[in-house]
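Listed below, chain by chain, are the residues.
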Amino acid sequence: MKIGITGTPGTGKSSVCKILKKYYPVIELEQLIKEKKLYTRKDRQRDTFVADIDALVSYVSHYVTHPTAILGGHLAHYLPLDLVIVLRASPSELRRRLSKEGFDEAKIKENVEAEALDVILVEALERNDNVHEIDTSERDIAEVANCIMEIINGSDEYKPGSIDWSEEVFR
Ligand SMILES: Nc1ncnc2c1ncn2[C@@H]1O[C@H](COP(=O)(O)OP(=O)(O)OP(=O)(O)O)[C@@H](O)[C@H]1O
Ligand SMILES: [Mg+2]
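Residues numbered from 1 in each chain as written. Chains lettered and ligands numbered in written order. Predicted model: local features only at pLDDT ≥ 70, side-chain atom pairs only at ≥ 80, totals over all residues.

**Here we look at the overall build of the protein**
The cut-off we apply is this: Working definition: helices are DSSP H or I runs of at least four residues, strands are E runs of at least two. Numbering for both runs from the N terminus. All radius of gyration figures rest on C-alpha atoms, and the globule criterion is 2.2 Å times the number of residues raised to 0.38. Exposure is read from a count of other C-beta atoms within 10 Å of each residue's own; the residue is exposed at 12 or fewer, buried at 20 or more and partly exposed in between. C-beta atoms are placed from the backbone. Residues are treated as contacting if the C-beta atoms built from their backbones sit within 7 Å of each other.
Across its full length, the protein carries eight helices and seven strands. Against the globule reference of 16 Å for 171 residues, the protein gives a C-alpha radius of gyration of 16 Å, in line with a compact fold. Taken along the three principal axes of its C-alpha coordinates, the protein extends 50 × 40 × 30 Å. The burial tally for the protein puts 36% of its 171 residues in the buried class. Pairs at least 24 apart in sequence give 72% of the contacts found in the protein among residues at least 6 apart.

Pasting the structure below:
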């Protein structure tokens, strides 16, 4: 079973993957893309690599063969997965986390807006029938890891639809 953990930057994918590593094989996609050179070019302005999605899909399809594997990163929902988990955070909490991480204002605004508009959730729902979402705003990282394990074990408690940031955005 391939499980993807995706979400807007700052929603806690890397933090939660660190915990899940104790229990499952975890592949962090950003690292894999760099290590295996699964990119088309380097975006100097953003200081990131532009992933080659086709190459990434092909790599994961051929080489990730564990019975259960977790794939973490904001591109995870582009992969062929059995289960997609979208981490969410309220715009104000996301702003707080990204400021703490030292993101500049333009980058913070871009990500907060994407989160407010459910961009990754919508992209995931377009590609996969088995999507779940977890509100991490008031859960610590260990609690989020527990929610993920509940989903892996069959819980339907985190089906999309209950998270709505519009009240905060339009206040
Ligand atoms: N559930 C949480 N509660 C409070 N703070 C959190 C939580 N999850 C993550 N954080 C904090 O938010 C920041 C971003 O977390 P993290 O790097 O795990 O996010 P990410 O989703 O991997 O982001 P990116 O896409 O940029 O890699 C870190 O400072 C982390 O400690
Ligand atoms: Mg990360």
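So, next bit.
**A short note on the environment of E133**
Mapping E133 onto the fold places it in strand β7 (residues 131-135). When near neighbours in sequence (up to four residues on either side) are disregarded, E133 contacts V86, R88, L121, Y158, P160 and I163.

**Some points on the site of ligand 1**
Under the convention used in this document: By definition, a residue lies near a molecule or strand provided its backbone-derived C-beta atom is within 6 Å of it.
Taken together, 17 residues are adjacent to ligand 1, and P9, G12, K13, S14 and S15 come closest. Secondary-structure elements contributing two or more residues to the shell around ligand 1 are α1 (13-20), α4 (91-100) and α7 (141-152). Sort the elements by how many residues they give to the shell around ligand 1 and α1 lands first, with three residues.

**A short note on the sheet that holds strand β5 (residues 69-72)**
Threshold: Here, a strand pair is defined by DSSP locating no fewer than two bridges between the strands. For helices, the fitted axis covers only the stretch in contact; all axes are lines through C-alpha atoms, and the angles between them, taken along N-to-C directions, range from 0 to 180 degrees.
The parallel open sheet is built from five strands, whose spatial order is β2-β5-β1-β6-β7. The sheet is open, and its two edges are formed by β2 (26-28) and β7, each paired on a single side. Averaged over all pairs of adjacent strands, the angle between their axes in this sheet comes to 20 degrees, without regard to strand direction. Sheet topology places strand β6 (residues 83-88) next to β7; five bridges connect them, and they run parallel. Note that in β7 the partner of L87 across the bridge is I134. Sheet contacts for helix α6 (residues 119-127): β1 (2-7), β6 and β7; angle to β6, the most-contacted strand, approximately 170 degrees.

**Concerning the environment of P80**
Summarising the element assignment, P80 is placed in the loop between β5 and β6. Judged by the 12 C-beta atoms lying within 10 Å of it, P80 is exposed. As a C-alpha pair, P80 and V60 span 20 residues in sequence and 8.4 Å in three-dimensional space.

**Describing unusual backbone geometry**
Even without being glycine, K37 reaches a positive phi, approximately 55 degrees. Mapped onto the fold, K37 is located in the loop between α2 (29-35) and β3 (39-43). Classification of K37 as exposed rests on a count of 9 C-beta atoms within 10 Å. With a phi angle near 60 degrees, D118 is a residue other than glycine that sits in the positive phi range. Its place among the elements puts D118 in the loop between α5 (105-116) and α6. Given 20 C-beta atoms within a 10 Å radius, D118 is considered buried.

**Examining the pairing of β5**
The pairing of β1 with β5 spans four bridges and is parallel. Across the sheet, residue I3 finds its bridge partner in β5, namely I70. Pairing geometry for β2 and β5, over three bridges, is parallel. What sits directly across from I27, in β5, is L71.

The values are spatial; any link to function lies outside them.
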